[in-house]
Amino acid sequence: MPASLSSAQAAAYTRDGCLFPIDVMDRAEAAQWRARVEALEADYPDGSLPQPLNQYFRINGQLVLPLMAEIARHPAVLDAVQSILGPDLLVWSCELFIKEPNTPKIVSWHQDLTYWGMGETDEQVTAWIALSPATRQSGCIMFVAGSHNNRIVEHRDTFHADNLLSRGQEIAVEVDEKDASDVVLQPGQMSLHHGRMFHASGPNVSDDRRIGCAIRYVTPGVKQLVAERDYAMLVRGCDGNCNWINVAPPASAFDVDAMSLYNRIMQDQSVALTAGATQTVGLYAGGEQRI
Ligand SMILES: O=C(O)CCC(=O)C(=O)O
């Protein structure tokens, strides 16, 4: 697999705020990652953990699941991200976005940085790796190339049950889908997108699951500006800035130390992630069930 981006690819990312498709692993390797995700689903049915498995898949999976800490350190992914952000890289969150076959779950138009408390930084990139086919039919992401040149625009919360986002947030002005491109990816390919990119995805009307792993990379220079403190896992280079509390990958799935760290981090991050919400933000509301 080509690792680092070419200078033309890096320039295209700077111009468009997104880049795809990028080959990071072959289909056989992507199938292995998918099988490991599905084995976890078999191992942890509802009721076996303090919160449903999808809670840990959707936010900060790298803290409690070795699998997610491992994919976030995938060398080909890091090489590509390094071409954009430079040699010192941390993972803020590793997340699985799963859409079951023939289901209405969507992601509304949004800019990632809106509620993360990191300001409008250019030093944050998301790598989204397809572990199953991401097509128009299965509800692939759509990007509006160049929209990262906007500042963070006004968003409103919808809390819609079919929205995979934490508060169903959406950009308050109309985004014309004619301006958007479908991010079609085969298993093992990834896209990169900027934290101010306008993006969304539609329902899965295919007969297969749509499984994507979104990894949020930041540099040591990015700062949490809303919550009192924030955490990230150093995955390449060094962090001499002290903006992040550096955390280590879990020793094993859901071990006691990892779970208490997970709960502490979710509580601390919720200050930024739930700021201004008029309803409970489900993914950040696990307090009562915490061990
Ligand atoms: O998986 C999706 O459909 C959307 C993911 C997304 O919004 C993101 O990775 O920022």
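Everything numeric here is computed off the predicted structure, so don't read it as measured data. (Residues numbered from 1 in each chain as written. Predicted model: local features only at pLDDT ≥ 70, side-chain atom pairs only at ≥ 80, totals over all residues. Heavy atoms only, no water.)

J.: Please explain the overall build of the protein chain as it appears in this structure.
T.: Within the protein chain, the regular secondary structure consists of six helices and 13 strands. Since a compact globule built from 291 residues should have a radius of gyration of about 19 Å, the 18 Å found for the protein chain is in line with a globular shape. By principal-axis analysis of the C-alpha atoms, the protein chain measures approximately 45 × 45 × 40 Å. Contacts in the protein chain between residues far apart in sequence, at least 24 positions, make up 83% of those at least 6 positions apart. Working note: accessible area of the protein chain is about 11,900 Å², and carbon and sulfur atoms make up 51% of it. Computed over 22 positive and 35 negative side-chain charges, the inter-centroid distance for the protein chain is 2 Å. (Helix = DSSP H or I, 4+ residues; strand = E, 2+ residues; numbered from the N terminus. Rg over C-alpha atoms; globule rule 2.2 N^0.38 Å. Contact = heavy atoms within 4.5 Å. Areas by Shrake-Rupley, 256 points an atom, 1.4 Å probe, with all protein chains shown as cover. Lys, Arg positive; Asp, Glu negative; His and termini not counted. Charge placed at Lys NZ, Arg CZ, Asp CG, Glu CD.)

J.: What is the right way to look at the sheet that holds strand β13 (residues 245–246) in this model?
T.: Sheet strands pair via backbone hydrogen bonds, and the direction of the pair is either parallel or antiparallel. The sheet built from seven strands is open, its strands ordered β1-β9-β4-β11-β2-β12-β13 with mixed pairing. Sheet topology places β1 (18–23) and β13 at the edges, where each strand pairs with a single neighbour. Where strand β4 (residues 124–130) lies against strand β11 (residues 210–218), seven bridges are found, and the strand directions are antiparallel. Residue V125 lies in a different strand from β11, and its bridge partner there is Y217. Across the sheet, helix α5 (residues 75–85) is in contact with β2 (89–99), β4, β9 (189–194), β11 and β12 (231–236); its angle to β4 comes to roughly 150 degrees. Packed on one face of the sheet, helix α6 (residues 256–273) meets β2 and β12 and runs near 105 degrees to β12. (Pairing = 2+ DSSP bridges. Axes fitted to C-alpha atoms, helices over the stretch in contact; angles between N-to-C directions.)

J.: Sorry, what's going on with the packing of aromatic side chains here?
T.: Aromatic ring pairs: the centre-centre distance and the angle between the two ring planes describe each pair. Considering all chains together, one arrives at five aromatic pairs under this definition. Summarising the aromatic geometry, the rings of Y56 and F254 are spaced 5.2 Å apart at their centres and angled 70 degrees between planes, so their arrangement reads as edge-to-face. Of this pair, Y56 sits in helix α3 (residues 53–58) while F254 sits in the loop between β13 and α6; the two residues are 198 residues apart in sequence, bridging distant segments of the chain. Note on Y56: relative accessible area 0%, which makes it buried. Ring centres 5.0 Å apart and planes at 55 degrees place the aromatic pair Y56 and Y262 in the tilted group. Residue Y56 is located in helix α3, and its partner Y262 is located in helix α6; the two are separated by 206 residues in the primary sequence. Among the aromatic residues, ring-to-ring pairing joins Y44, Y56, F254 and Y262 into one connected group. Taking the ring centre of Y115 as reference, the NZ or CZ of R167 above it sits at 3.7 Å. (Phe/Tyr/Trp six-rings, centres within 6.5 Å; stacked < 30°, edge-to-face > 60°. Buried < 20%, exposed > 50% of the residue type's maximum accessible area, 1.4 Å probe, protein only. Lys NZ or Arg CZ within 6 Å of the ring centre and 35° of its normal.)

J.: Could you clarify how one ought to interpret the layout of surface pockets in this entry?
T.: In this approach, a probe sized like a water molecule rolls over the atoms, and the result shows the empty space that is left. The calculated volume of the largest pocket comes to roughly 260 Å³. The wall of the largest pocket is formed by 14 residues, among which N163, L164, L165, S166 and L283 lie closest to the centre. Residue composition of the lining of the largest pocket, by class: five nonpolar, seven polar and two charged. (1 Å grid on protein atoms, 1.4 Å probe; cavity = no way out; pocket = protein on both sides within 12 Å on 5 of 7 lines; lining within 4 Å. Points joined across faces, edges and corners; volume = space filled by probe spheres on them. Nonpolar A, V, L, I, M, F, W, Y, C, P; charged D, E, K, R; others polar.)

J.: Would you explain unusual backbone geometry in this entry?
T.: Generally, phi is negative for residues other than glycine and the peptide bonds are trans, each holding for most cases. Residue F20 is joined to P21 through a cis peptide bond whose omega torsion reads -10 degrees. Mapped onto the elements of the fold, P21 is located in strand β1. Of note in this structure, N102 is not a glycine but carries a positive phi near 50 degrees. Considering the arrangement of structural elements, one finds N102 in the loop between β2 and β3 (107–110). The class for N102 is partly exposed, based on a relative accessible area of 48%.

J.: Sorry if this is basic, but what is going on with helix α2 (residues 27–43) here?
T.: Helical geometry: 3.6 residues make up each α-helical turn, so side chains three or four residues apart lie on a common side. The end-to-end C-alpha distance of α2, which contains 17 residues, comes to 24 Å, matching closely the 24 Å that a straight helix rising 1.5 Å per residue would cover. Along α2, the residues classified as buried are A30, W33, R34, V37 and L40. Viewed along the axis of α2, the buried residues span an arc of 115 degrees, placing them on a single side of the element. α2 presents Q32, A42 and D43 as exposed residues on the side facing more than 90 degrees away from its buried surface. Those residues of α2 that are buried are in contact with α3, α4 (66–71), β2, β4 and β11. (Expected span 1.5 Å × (residues − 1). Arc of directions from axis to C-beta.)

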